[in-house]
Amino acid sequence: MKESDILKALGNVIEPDLGRDLVTLNMVKDIVTEGDKVSFTVVLTTPACPLKDMIKNACINAVHLLVNKNAQVDIKFTANANSTRKDNKHILPGVRNIIAVVSGKGGVGKSTVAANLALALAEGGASVGLMDADIYGPSVPMMFGVRGERPLMKKEGEKGIIIPLEKFGIKLMSIGSLVDEKQAIVWRGPMASSAIRQFVTDVEWGELDYLVIDMPPGTGDIHLTLVQTVPVTGAVVVTTPQPVALADAKKAIAMFGQAQIKVPIIGLVENMSWFTPAELPENKYYIFGKEGGKRLAEEFDIPFLGQIPLVQGIREGGDIGIPVMVSDDEITRKAFSNFAGNTVRSIAMRNANIEATKIVEIVV
């Protein structure tokens, strides 16, 4: 077998999301042939790629059908999370993708979704950070069991740099880790915006495939500050199926779609989609309505990333500092894993097909 034969065969393997073959995408590396043995490396677009097995089987079949039916095919996988960043990278230089998790209103489980999305991405092999940008209602310290813990500081010249906390394999930063949780944060908009700028300029995030940012509910100063400070890869919109939540989710979608902002919507996830009692596992009760989020995604022609059920264990895990993605609740873990898989696929397609998001310049 020749290397050229292997490349020709793999030229027939299409990357399912990007719609082009692996060779054209330069995803095949380090081909070694010896007799009936061949080995090569496939470079995935994300460490958390949910299509790894599909790509592996397609590669093996291509070699068997087009080169040598008796070939022993050894495929290794590595990953290089694709990124469209073309800014000067003075801010967050090692972060490849910046994902804002947003909602039109509070109470839809946005922070829970952001936390478990970050954990699911890390479980898939990605390096992940989670920034709690919900200044007035920070919940990350409680959800990750780090209440009372304070991040370390170090000096870089005259500047103090914050070293984020780490828990369950991801880096964490929250205003709740810097102030007494018994104190209310009574800040005007400029002060909150200044804190967000500090979280991206004065925190040592290091090399990350994804920085997930849990945004405050609504559309306001902090959202504008973020898109004016860093090039946001895209936004994930969280809603419940009920009409009042959907009406506010439309406002979040509309905000990021405005001509002067123009941040892509990675997709929409529907939280609290149905309730299934533990004693009646086959039953689904649509407490907040049925498939409202799915219809909204279709209305705005944005990807529908999945449905998360209303499960008591999700709430309990967040309250005791053990998110469901690090629990033994396999059914709920699967829902979040599927959602995260759809999210990384949507990010990969966004990066392959849409030009880089620039830092927004808003002239008032």
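Remember, predicted model here, so these are calculated numbers, not experimental data.

Colleague: Please give an account of the overall build of the protein that cites residues and values.
Modeller: When helices and strands are counted, the protein shows 10 helices and 13 strands. A compact globule built from 364 residues should have a C-alpha radius of gyration of about 21 Å, and the protein, at 22 Å, falls within 12% of that. Overall, the C-alpha framework of the protein stretches about 70 × 60 × 40 Å when taken along its three principal axes. Taken across its 364 residues, the protein has 51% of its residues classed as buried. Put simply, of all contacts in the protein between residues at least 6 apart along the chain, 74% involve residues at least 24 apart. Just so you have it, the protein exposes about 17,200 Å², and 51% of that area is on carbon and sulfur atoms. Of the side chains in the protein, 38 bear a positive and 41 a negative charge, and the two mean positions are spaced by 3 Å.

Colleague: Before we move on, can you summarise the side chain of Asp134 with the specific residues and values?
Modeller: Within the element layout of this structure, Asp134 appears in the loop between strand E5 (128–132) and helix H4 (140–143). By relative accessible area, Asp134 is classed as buried at 11%. Dropping the residues within four chain positions of it, Asp134 is found in contact with Lys110, Asp214, Met215, Pro216 and Pro217.

Colleague: Break down the pairing of strand E6 (residues 152–156) for me, with residues and values.
Modeller: Burial analysis of E6 places just zero of its five residues in the buried class, a small minority of the element. Strand direction decides the pairing type here: E6 and strand E7 (residues 159–163), joined by five bridges, are antiparallel. Within E7, the position partnered with Lys155 by the bridge is Gly160.

Colleague: Requested: an account of the sheet that holds strand E11 (residues 234–239), with residues and values cited.
Modeller: Backbone hydrogen bonds are what pair the strands of a sheet, in a parallel or an antiparallel way. Taken together, the eight strands give an open sheet; going across it, the order is E8-E9-E5-E10-E4-E11-E12-E13, and neighbouring strands pair in mixed fashion. Unpaired on one side and paired on the other, strand E8 (165–167) and strand E13 (304–310) mark the two borders of the sheet. Going from strand to strand, the sheet's axes swing by 25° on average, the running direction of each strand aside. Both E11 and strand E12 (residues 265–275) contribute to a ladder of five bridges, which runs parallel. Paired with Val238 across the strands is Val269, a residue of E12.

Rules used throughout
Residues numbered from 1 in each chain as written. Predicted model: local features only at pLDDT ≥ 70, side-chain atom pairs only at ≥ 80, totals over all residues. Heavy atoms only, no water. Helix = DSSP H or I, 4+ residues; strand = E, 2+ residues; numbered from the N terminus. Rg over C-alpha atoms; globule rule 2.2 N^0.38 Å. Buried < 20%, exposed > 50% of the residue type's maximum accessible area, 1.4 Å probe, protein only. Contact = heavy atoms within 4.5 Å. Areas by Shrake-Rupley, 256 points an atom, 1.4 Å probe, with all protein chains shown as cover. Lys, Arg positive; Asp, Glu negative; His and termini not counted. Charge placed at Lys NZ, Arg CZ, Asp CG, Glu CD. Pairing = 2+ DSSP bridges. Axes fitted to C-alpha atoms, helices over the stretch in contact; angles between N-to-C directions.

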